[in-house]
Amino acid sequence: MDPERVAAVRSRMPSEADLVDTADIFGLLGDPRRLSLLLALVEGEMCVCDLAVVSGLSESATSHALRLLRAHRVVSVRRAGRMAYYRLDDAHVRMLLDLAVAHTEHTDAIHPERDESDLTER
């Protein structure tokens, strides 16, 4: 063991609460339906009904997913009368999405949990 290196790394580690919050964000991004909503919002602000069409979800399921994302400050909302328009909360969220998509576009991931027919659909 290298005690100096371990101490240096431990001193730079986020708090346990911050680690849990960060893991929660990745959990939110890990759902393909929520991810499709977020990727649609990379293009800019959209209303719930348009997001439902883009994602293929019902308006109810879209609203539920957006409430969850909003509670974690991944998206924010602007209301205009009865309409709600969602957007990515900040540039950090967009960077996470851009990096994740760029990573998957230039790598061939190995998915042992998927069968061959899943892989040929890509």
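Residues numbered from 1 in each chain as written. Predicted model: local features only at pLDDT ≥ 70, side-chain atom pairs only at ≥ 80, totals over all residues. Heavy atoms only, no water.

K.L.:
So what about the packing of helix H4 (residues 48-55) against helix H5 (residues 59-71)? Which residues, and what values?
P.N.:
Across the interface, H4 lies against H5 with an axial gap of 9 Å and an inter-helix angle of 105°. Of the possible angle classes, the one that applies to H4 and H5 is roughly perpendicular. Packed against H4, whose contacting residues are Val 48, Cys 49, Leu 51, Ala 52 and Ser 55, the element H5 presents Glu 59, Thr 62, Ser 63 and Leu 66 at the interface. Each residue belonging to the contact of H4 with H5 can be placed in one class, and the counts come to five nonpolar, three polar and one charged. (Axes fitted to C-alpha atoms, helices over the stretch in contact; angles between N-to-C directions. Helix = DSSP H or I, 4+ residues; strand = E, 2+ residues; numbered from the N terminus. Parallel < 35°, antiparallel > 145°, perpendicular 65-115°, else oblique. Contact = heavy atoms within 4.5 Å. Nonpolar A, V, L, I, M, F, W, Y, C, P; charged D, E, K, R; others polar.)

K.L.:
Describe the sheet that holds strand E1 (residues 46-47), naming the residues involved and giving the relevant values.
P.N.:
Taken together, the three strands give an open sheet; going across it, the order is E1-E3-E2, and neighbouring strands pair in antiparallel fashion. What marks the edges here is a single partner per strand, and that holds for E1 and strand E2 (75-80). As judged from the six bridges shared by E2 and strand E3 (residues 83-88), these two strands associate in the antiparallel manner. Across the sheet, the residue bridging to Ala 80 is Met 83, located in E3. Sheet strands touched by helix H3 (residues 32-41): E1, E2 and E3. Its angle to E3, the strand with the most contacts, is close to 85°. (Pairing = 2+ DSSP bridges.)

K.L.:
An account of the nonpolar core is needed here, citing residue identities and associated values.
P.N.:
Of all hydrophobic cores here, the largest spans 23 residues; its most connected members are Leu 38, Leu 51, Leu 66, Val 74, Val 75 and Tyr 86. Contributions of two or more residues to this core are made by helix H2 (16-29), H3, H4, H5, E2, E3 and helix H6 (91-105). Every residue in contact with Val 74, bar those within four places of it in the chain, is listed here: Ile 25, Leu 28, Leu 38, Leu 69, Leu 88, Asp 89 and Val 93. (Core = buried A, V, L, I, M, F, W, Y, C linked by side-chain atoms within 4.5 Å. Buried < 20%, exposed > 50% of the residue type's maximum accessible area, 1.4 Å probe, protein only.)

K.L.:
How would you summarise the side chain of Ser 55 if you had to cite specific residues and measurements?
P.N.:
Within the fold, Ser 55 resides in helix H4. Side-chain polar atoms of Ser 55 contact the backbone oxygen of Ala 52, separated by 3.3 Å. (Polar contact = N/O pair within 3.5 Å; in protein donor to acceptor, adjacent residues only side chain to side chain.)

Honestly, it's all geometry; don't read function into it.
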